[in-house]
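Below, each chain spelled out in residue letters.
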Amino acid sequence: MPVSAKPRPKGISFRPGVRVLVAEDHPGNASVLSSMLQSRGMEMHLVTNGLAAVQQCPLMLPDIILMDVQMPEMDGLEATRRLKADPRTASIPVICLTAYAMSGDRERCLEAGADAYLSKPLNFRELFELMASMLKSG
Ligand code: MN
């Protein structure tokens, strides 16, 4: 196999091909996430509402899930609850992402069963460190 011409991004690295299910309804946020995850060699599968996340997760069985909280159809909290109640998906780490730094959000995410919580705008270093620790322990 030829050496990749693309320089590897500095910092936290991941094994190649980590599969990430991203539930995010905002196209701009999804686009930024997509390029950031790809820069670390990850494969992102995007859904734009919580219901689609609940439906697709058992089929794709991703390594990790990034779950926006505010979404149409079904919000990220309810989707997280359902994924954590399903034995097929319960062990997959979920990181909830919310635009709102309201007090109580963290508690609501963790109560829904999320493994961690980050507020937007995302600090990608923080996100990658969190993902790396979860993929290692998971
Ligand atoms: Mn949203």
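Report follows, based on the coordinates. Computed from a predicted model, the values in this text were never measured in an experiment. One numbering rule holds for all chains: residues counted from 1, following each sequence as written. Note on the predicted model: pLDDT of at least 70 is required for a residue's local features to be given, and 80 or more for side-chain atom pairs to be given and counted; whole-chain, interface and lining totals, by contrast, use all residues. Hydrogen atoms and water are omitted, and side-chain values are computed over all heavy atoms in the structure.

1. As for the coordination of the manganese ion
Here comes step 1: Only N, O and S atoms count as donors, using a 2.8 Å cut-off from the metal and 3.2 Å for Na, K and Ca, and because water is excluded some sites may appear unfinished. Only D25 (OD), D68 (OD) and Q70 (O) from the protein coordinate the manganese ion, and they sit 2.0 to 2.1 Å from it.
Here comes step 2: Sequence positions of the donors to the manganese ion reduce to the motif D-x42-D-x1-Q. Of this pair, D25 sits in the loop between β1 (19-23) and α1 (27-39) while Q70 sits in the loop between β3 (64-68) and α3 (76-85), and the two are 45 residues apart along the sequence.
Here comes step 3: A 1.4 Å probe rolled over the protein chains alone gives each residue an accessible area, and that area as a share of the maximum for its type sets the label: buried under 20%, exposed over 50%, partly exposed in between. Exposure remark for D25: the relative accessible area of 32% places this residue in the partly exposed category. Runs of E in the DSSP output that reach at least two residues are strands. Runs of H or I that reach at least four are helices, and both are numbered from the N terminus.

2. A few points about the nonpolar core
Here comes step 1: Here the nonpolar core consists of buried residues drawn from Ala, Val, Leu, Ile, Met, Phe, Trp, Tyr and Cys, with membership extended through side-chain atoms lying within 4.5 Å. Ranked by internal contacts, the top residues of the largest apolar core, which has 23 residues, are L21, I65, M67, C96 and C109.
Here comes step 2: The set of elements that each furnish at least two residues to this core consists of β1, α2 (50-60), β3, α3 and β4 (94-98).
Here comes step 3: When neighbours within four sequence positions are excluded, M67 is seen to be in contact with A23, A53, G76, A79, T80, L83, V94, I95, C96 and L97. Two residues qualify as a contact provided that any one of their heavy atoms is within 4.5 Å of a heavy atom in the partner residue.

3. As for the sheet that holds strand β5 (residues 116-119)
Here comes step 1: The strand order across the open sheet formed by five strands is β2-β1-β3-β4-β5, and the pairing between neighbours is parallel. Bordering the open sheet on either side are β2 (43-47) and β5, each of which pairs with just one other strand. Here the average twist between neighbouring strands, direction ignored, is 20°.
Here comes step 2: Here β1 runs beside β3; their pairing, made up of four bridges, is parallel. By the bridge assignment for β3, V20 is matched with I64.
Here comes step 3: Along the sheet, α3 contacts β3 and β4; its crossing angle with β3, the most-contacted strand, is approximately 150°. The criterion for strand pairing is that DSSP finds at least two bridges linking the strands in question. Axis definition: a line fitted to C-alpha atoms, limited for helices to the stretch in contact. Angles are taken between N-to-C directions and run from 0 to 180 degrees.

4. Considering the pairing of β2
Here comes step 1: The pairing of β1 with β2 spans five bridges and is parallel. Among the inter-strand pairings, V20 is bridged to a residue of β2, identified as M44.

5. Points about the packing of α2 against α3
Here comes step 1: As a packed pair, α2 and α3 sit with axes 8 Å apart at the nearest point and diverge in direction by 20°. The angle between α2 and α3 places the two elements in the roughly parallel class. Relative to α3, the crossing made by α2 is right-handed. Together, G50, A53, V54 and C57 of α2 and A79, R82 and L83 of α3 make up the contact between the two elements.
Here comes step 2: Residues are sorted three ways: Asp, Glu, Lys and Arg are charged, Ala, Val, Leu, Ile, Met, Phe, Trp, Tyr, Cys and Pro are nonpolar, and all the rest, Gly among them, are polar. Among the residues making up the contact of α2 with α3, the classes are represented as five nonpolar, one polar and one charged. Working definition: roughly parallel below 35 degrees, roughly antiparallel above 145 degrees, roughly perpendicular at 65 to 115 degrees, and oblique for all remaining angles. Whether a crossing is left-handed or right-handed is set by the direction in which the near helix is turned from the far one by less than a right angle, anticlockwise for left-handed and clockwise for right-handed.

6. A few points about the state of the cysteines
Here comes step 1: When two cysteine sulfur atoms are found within 2.5 Å, that pair is recorded as a disulfide. Following the criterion strictly, the structure yields zero disulfides and no others.
Here comes step 2: The thiol sulfur of C109 is not disulfide-bonded, and the nearest other cysteine sulfur, from C96, lies at 4.0 Å.

Nothing here speaks to function; it is geometry throughout.
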